[in-house]
Amino acid sequence: MTAPTPAVPAEEPVVIEVERPWREAWRMFRRNTAAVAGLVTLSLIVLVTVLGPFVYPVDPFAPTGPLLLPPGEQGFLLGTDQQGRDLVVGLLYGSQSTLMVGAAAAAITITIGILFGALAGFYRGWIEEVLMRITEFFQVLPPLLLAMVVVLLFSPSIYSISIAIGVVSWTSTARLVRAEFLRLRELDFVKAERAIGARNARIIWTIILPNAAPPLIVSAALSVGVAILFEAGLAFLQLSDPNVMSWGYLISVNRPQILEAWWPVTFPGLAIFITVLSVSLIGDGLNDAFNPKLRQR
């Protein structure tokens, strides 16, 4: 009589956990010390911008002390400018308009760039030719000169400055989006959407664009820093709104006394430098996090 064959226990299925791309990108971003430092610094700047006016409710244009008082004297931590205004107050209130211009201009830049790049990269043909010729036209124009013309046409204000910066800065974003659409539109998942009869609008905005988001996020972060520098440059040329306090405005009104008093120009300049550096570090960190080739290092 043959002995019964012992039952072989069934093998348990092996479950392989796949890390989500956004979670993996966040993990890679946290490993970048410089990017994390930039994020912390920018977060502190935004926090001070939001809470500063509530903690220190003073009119930034009102003289509160002697003219050109050095830092640390008579209770003024950073001194006063050539009109006797407290520089601490000016920096606190000036950060609002400076960051607002940076965010608004970056939003305009990304919006125009996505619109032109997505339509050109998806439809190709005569649509691509027309949109790319318009892009090249704006690309060859001197950005600062064009921004000055736009600001002068609509009079200097926060809104006109934001629009001017956005109008002259979108061309590189458009080319980036077009390149991503040209690459993604030929992949299998896009062809599958076409095969089931999906409309072009759905393919562009809900299928291809989300997959092209990582480089756009990096571009948006860097656009904020470019816009802040642009605003400071326009203010230096006295093309900022004289009724709105900003870091560029502080540099503009105090530059004639720079040889007599260094602090009214230096401290706003440092604020711009630290903010733009923080944004650049964040942009580099996002680039490393979303770039699959750099993840293998």
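In case you missed it, the structure is sitting above this.
What this report covers is the structure whose coordinates are included nearby. (Residues numbered from 1 in each chain as written. Predicted model: local features only at pLDDT ≥ 70, side-chain atom pairs only at ≥ 80, totals over all residues. Heavy atoms only, no water.)

A word on the packing of helix H3 (residues 87-123) against helix H4 (residues 125-140). When two helices pack together, their arrangement is given by the angle between their axes and by how far apart the axes lie. In contact at an axis separation of 7 Å, H3 and H4 are set at 145° when each is read in the N-to-C sense. Crossing of H3 over H4 shows left-handed handedness. Residues Phe116, Leu119, Ala120 and Tyr123 of H3 lie in contact with H4, whose contacting residues are Gly125, Ile127, Glu128, Leu131, Met132, Ile134 and Thr135. By residue class, the composition of the contact of H3 with H4 is 8 nonpolar, 2 polar and 1 charged. (Axes fitted to C-alpha atoms, helices over the stretch in contact; angles between N-to-C directions. Helix = DSSP H or I, 4+ residues; strand = E, 2+ residues; numbered from the N terminus. Left-handed = near helix turned anticlockwise from the far one by under 90°. Contact = heavy atoms within 4.5 Å. Nonpolar A, V, L, I, M, F, W, Y, C, P; charged D, E, K, R; others polar.)

In total, this model carries 1 cavity of 30 Å³ or more according to the counting rule given. Taken as a whole, the largest cavity holds about 40 Å³ of empty space. Lining of the largest cavity is provided by Ile158, Ile161, Glu231, Ser240, Asp241, Val244 and Ser246. In terms of residue class, the lining of the largest cavity is made up of 3 nonpolar, 2 polar and 2 charged. (1 Å grid on protein atoms, 1.4 Å probe; cavity = no way out; pocket = protein on both sides within 12 Å on 5 of 7 lines; lining within 4 Å. Points joined across faces, edges and corners; volume = space filled by probe spheres on them.)

What follows deals with helix H7 (residues 171-184). Relative to the 20 Å expected for 14 residues at 1.5 Å per residue, H7 spans 20 Å between its end C-alpha atoms, a close match to the ideal helical length. Considered for burial, the residues of H7 that qualify are Thr171, Thr173, Ala174, Val177, Glu180, Phe181 and Leu184. Buried-residue contacts for H7 involve H3, H4, helix H8 (188-195), helix H9 (200-211) and helix H10 (213-236). (Expected span 1.5 Å × (residues − 1). Buried < 20%, exposed > 50% of the residue type's maximum accessible area, 1.4 Å probe, protein only.)

How two aromatic rings sit relative to each other is set out by the distance from centre to centre and by the angle between their planes. The final tally for this structure, using the stated rule, is 7 aromatic pairs. Aromatic pair Phe116 and Trp170: ring centres 4.7 Å apart, planes at 45°, arrangement tilted. Of this pair, Phe116 sits in helix H3 while Trp170 sits in the loop between helix H6 (158-168) and H7, and the two are 54 residues apart along the sequence. A single burial state applies to Phe116 and to Trp170, both of which are buried. Aromatic side chains Trp262 and Phe267 sit 5.7 Å apart centroid to centroid with 50° between the ring planes, which places their arrangement in the tilted category. A cation over a ring is seen here: Arg185 above Phe122, with NZ or CZ 5.9 Å from the ring centre. (Phe/Tyr/Trp six-rings, centres within 6.5 Å; stacked < 30°, edge-to-face > 60°. Lys NZ or Arg CZ within 6 Å of the ring centre and 35° of its normal.)

On to the pattern of salt bridges, then. Per the counting criterion, the structure on display carries 9 salt bridges. Between Glu128 and Arg178 there is a salt bridge whose closest N-O contact spans 2.6 Å. Of this pair, Glu128 sits in helix H4 while Arg178 sits in helix H7, and the two are 50 residues apart along the sequence. The class for Arg178 is partly exposed, based on a relative accessible area of 23%. Where Arg183 meets Glu180, a salt bridge forms, and the shortest distance between an N and an O atom there is 2.8 Å. (Salt bridge = Lys/Arg side-chain N within 4 Å of Asp/Glu carboxyl O.)

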